[in-house]
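Here's the letter readout for the chains.
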Amino acid sequence: MSLVDQLKDQMKEAMRAKEKVRLGTIRMALAAIKQIEVDTRETLTDDQAIAVLTKMVKQRRDSIAQYSAAGRDELAASEAEEIQVLEHFLPKPLSEEEIAELVDASITEMGASSMADMGKVMGALKPKVLGRADMAAIGALIRAKLK
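Quick caveat: nothing in here was measured; it's all calculated off a predicted structure.

Draft legend 1. Region of interest: the overall build of the protein chain. Helix and strand counts for the protein chain stand at seven helices and zero strands. Its helices and strands in sequence order give the protein chain the pattern α-α-α-α-α-α-α, from N to C terminus. Each principal axis of the C-alpha distribution contributes one length, and for the protein chain these read about 55 × 40 × 30 Å. A fraction of 54% describes how many contacts in the protein chain between residues 6 or more apart in sequence connect residues 24 or more apart. With the model as given, the accessible surface of the protein chain reaches about 9,200 Å², and the carbon-plus-sulfur share is 53%. Separation of charge centres in the protein chain, based on 22 positive and 24 negative side chains, amounts to 4 Å.

Draft legend 2. Structural context of the side chain of Q10. Structurally, Q10 is set in helix 1 (residues 3-17). In contact with Q10, not counting residues within four places along its chain, are R22, I26 and F89.

Draft legend 3. Molecular detail of the pattern of salt bridges. In total, this model carries eight salt bridges according to the counting rule given. A salt bridge links R22 to E19, with the nearest nitrogen and oxygen atoms 2.5 Å apart. By relative accessible area, E19 is classed as partly exposed at 32%. Measuring nitrogen to oxygen at the nearest pair gives 2.7 Å for the salt bridge that ties E82 to R60. Of this pair, E82 sits in helix 4 (residues 73-87) while R60 sits in helix 3 (residues 46-69), placing them 22 residues apart in sequence. There is no split in this pair, since E82 and R60 are both buried.

Draft legend 4. Structural detail: the environment of A14. On the secondary structure map, A14 appears in helix 1. A14 sits 18 residues away from A32 along the chain, and the two C-alpha atoms are 18 Å apart.

Draft legend 5. Main features of the nonpolar core. Ranked by size, the top nonpolar core spans 22 residues in total, and within it L3, L7, I26, I33, L53 and F89 carry the most contacts. Among the elements that take part in this core, helix 3 stands out by supplying six residues, more than any other. Discounting chain neighbours no more than four positions away, the residues touching I26 are L7, Q10, M11, V85 and F89. The next biggest cluster of nonpolar side chains, apart from the first, holds 14 residues, and it includes V121, M122, A133 and L146.

Draft legend 6. Local environment of the side chain of E79. With respect to the element layout, E79 can be found in helix 4. If we skip the residues at most four places from it in the chain, E79 touches R60, S63, I64 and Y67.

Draft legend 7. View of a positive patch on the surface. Taken together, the side chains of K8, K12, R16 and K34 make up a positively charged region of the molecular surface. Here the element with the most residues in the positive patch is helix 1; it accounts for three residues. Along the polypeptide, K8 turns up in helix 1.

Rules behind the numbers
- Residues numbered from 1 in each chain as written.
- Predicted model: local features only at pLDDT ≥ 70, side-chain atom pairs only at ≥ 80, totals over all residues.
- Heavy atoms only, no water.
- Helix = DSSP H or I, 4+ residues; strand = E, 2+ residues; numbered from the N terminus.
- Contact = heavy atoms within 4.5 Å.
- Areas by Shrake-Rupley, 256 points an atom, 1.4 Å probe, with all protein chains shown as cover.
- Lys, Arg positive; Asp, Glu negative; His and termini not counted.
- Charge placed at Lys NZ, Arg CZ, Asp CG, Glu CD.
- Salt bridge = Lys/Arg side-chain N within 4 Å of Asp/Glu carboxyl O.
- Buried < 20%, exposed > 50% of the residue type's maximum accessible area, 1.4 Å probe, protein only.
- Core = buried A, V, L, I, M, F, W, Y, C linked by side-chain atoms within 4.5 Å.
- Patch = residues over 30% accessible without salt bridge, like charges linked within 9 Å, V, L, I, M, F, W, Y side chains within 5 Å.

Nothing here speaks to function; it is all geometry.
Below, the structure is given as structure tokens:
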């Protein structure tokens, strides 16, 4: 079953259970996926849909930081609930050790020895960690290893 089909099934279940936050978040995710499909005139693959959901989670984390800094804890809590719903549809996140192993393997595989090779390493890693790790954290780890 594709990710979009899973989202649609969960949307129906959320309607039946009258879970407003879950329903609204799933509808928002489906709308974002549909918007990209309309713009590009092609059906998204599961990997592309995961990328959309990952972007939505990242946006909500940024919003939480801004709301917390402004003292708007109720809005931050609302964003956190949406993150929990979205993360249910994302693949299991990688642990720190798994990320380090993947980075080391990619650096070795690409023969990277300096910061000039960082783009090659990031390009090789991105499909492997899509939706399972924060690319900014991976970038920082690669920078530290390539110095």
